[in-house]
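# Structural features, examined
Below are the chains, spelled out letter by letter.
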Amino acid sequence: MRPGDGSVVSVLEVGGTHVTAAPVDIATRRLLSGRSFREPLDGDGSAEEIVSALVRCAAHLSGRSGGPWAVALPGPFDYERGIGRYEGVGKFDALRGFDLRVALTASLPGATTVSFWNDADAFVLGEWWAGAARGHRSVAGITLGTGVGSCFLRDGRILREGPGVPPEGRVHTLRYAGKPVEETVSRRALRRAYARATGASPPDVREIARRARQGDRAAAGVFAAAFTALGRVLGPPLAAFEPTVLVVGGAIAGAWDLVAEPLRAGLTEADPARDRRIVITPAHQPAQTPLLGAAYLATACGDPRGRTAPL
């Protein structure tokens, strides 16, 4: 299996603070040579600065010959056309209306095609294809970070509608206590809740988690309240969708010891029989599966809006 023979897809995973590049070997379902490369990225920067960071990271893969590139990034984004639709989401405002496909096709090393995919879809597909959800026919997945990403799969196909599937398959469209769920569960929501509880300027979520582990009752309470709420929100749709596994990823899932029990408690409140039907697990390869999933999508799916046929 060698670069350039159609079995390798070059991938960029774009987040608000970093971008990661890696070549994915489709045949082995692994990163080629097990390597990825990461560069810092300023989500508040200009379009030119953002593109420059992506190209700088992609240059680490310049030794391989030409082929397809897949880019996983958060919405709102027109994935079919490659144009940003960001507005008021706290990052990538400079990409609103910007044709990222044109910019990257001209700049990525050896690019023959550039496709764009939702990062939560890529994460869940990657976990289904090569991670915690492998072997499961019915899968739900969420990512926890600046917001709540999500994807619902059945037999490797992304579902945007049907029993238990939120509008467009997006959990962030759901509400809790009369507000969008991301007002309770997100990086900004956790920091805001900690500031309210302590009256102090809030640290980032990683520090709040550290304080919770050291016995800070306010910090522990923030995690408990937020993820019990998320479980209550997810309970009814998961009961209707009936997945056999719920995979949880994203930066905040790194505090799984603080997330797992309140999430399970909230799910059980909404669906007491849940434990008999669903495995709840953190991602097995959280750093790699968005890269793997984007490569899978670029190879198996001709339409970035989600009609996927298993390889």
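Only a predicted model underlies this, so the values are computations on that prediction, with no experimental measurement involved.

According to the stated counting rule, one finds eight aromatic pairs in the structure shown. Relative to Phe241, the ring of Phe152 has its centre 5.2 Å away and its plane inclined at 85 degrees; by these criteria the two rings are edge-to-face. Residue Phe152 is located in strand E10 (residues 148–154), and its partner Phe241 is located in helix H6 (residues 217–241); the two are separated by 89 residues in the primary sequence. Put simply, the rings of Phe77, Tyr79, Tyr86, Phe92 and Phe116 touch in pairs and so form one group of aromatic residues.

Right, let's get into a negative patch on the surface. A cluster of like negative charges, contributed by Asp42, Asp44, Glu48, Glu49, Glu87 and Asp93, occupies part of the molecular surface. Position of Glu87 among the secondary structure elements: in the loop between strand E7 (83–84) and helix H2 (100–105).

Right, let's talk about the environment of Arg157 for a bit. Summarising the element assignment, Arg157 is placed in strand E11 (residues 157–158). For the pair Arg157 and Asp99, spaced 58 residues apart in sequence, the C-alpha to C-alpha distance is 28 Å.

Turning our eyes to something else, we now look at the confidence of the model for the protein chain. Per-residue confidence for the protein chain gives a mean pLDDT of 90, with 92% of residues at or over 70. Within the model, the stretch residues 1–5 combines pLDDT values under 50 with 12 contacts to residues more than four positions away or in other chains. Across residues 303–311, confidence stays below pLDDT 50; counting only partners more than four residues off in sequence or on other chains, it has 31 contacts.

A few words on the layout of surface pockets. Taken as a whole, the second largest pocket holds about 230 Å³ of empty space. Lys179, Glu183, Thr184, Arg192 and Arg196 are the residues nearest the centre of the second largest pocket, which is lined by 13 residues in total. In terms of residues, the lining of the second largest pocket owes the most to one element, helix H4 (residues 187–198), which gives five residues. Of the residues assigned to the lining of the second largest pocket, the class counts are eight nonpolar, one polar and four charged.

Basis of the calculations
Residues numbered from 1 in each chain as written. Predicted model: local features only at pLDDT ≥ 70, side-chain atom pairs only at ≥ 80, totals over all residues. Heavy atoms only, no water. Phe/Tyr/Trp six-rings, centres within 6.5 Å; stacked < 30°, edge-to-face > 60°. Helix = DSSP H or I, 4+ residues; strand = E, 2+ residues; numbered from the N terminus. Patch = residues over 30% accessible without salt bridge, like charges linked within 9 Å, V, L, I, M, F, W, Y side chains within 5 Å. Areas by Shrake-Rupley, 256 points an atom, 1.4 Å probe, with all protein chains shown as cover. Salt bridge = Lys/Arg side-chain N within 4 Å of Asp/Glu carboxyl O. Lys, Arg positive; Asp, Glu negative; His and termini not counted. Charge placed at Lys NZ, Arg CZ, Asp CG, Glu CD. pLDDT = per-residue confidence, 0-100. Contact = heavy atoms within 4.5 Å. 1 Å grid on protein atoms, 1.4 Å probe; cavity = no way out; pocket = protein on both sides within 12 Å on 5 of 7 lines; lining within 4 Å. Points joined across faces, edges and corners; volume = space filled by probe spheres on them. Nonpolar A, V, L, I, M, F, W, Y, C, P; charged D, E, K, R; others polar.

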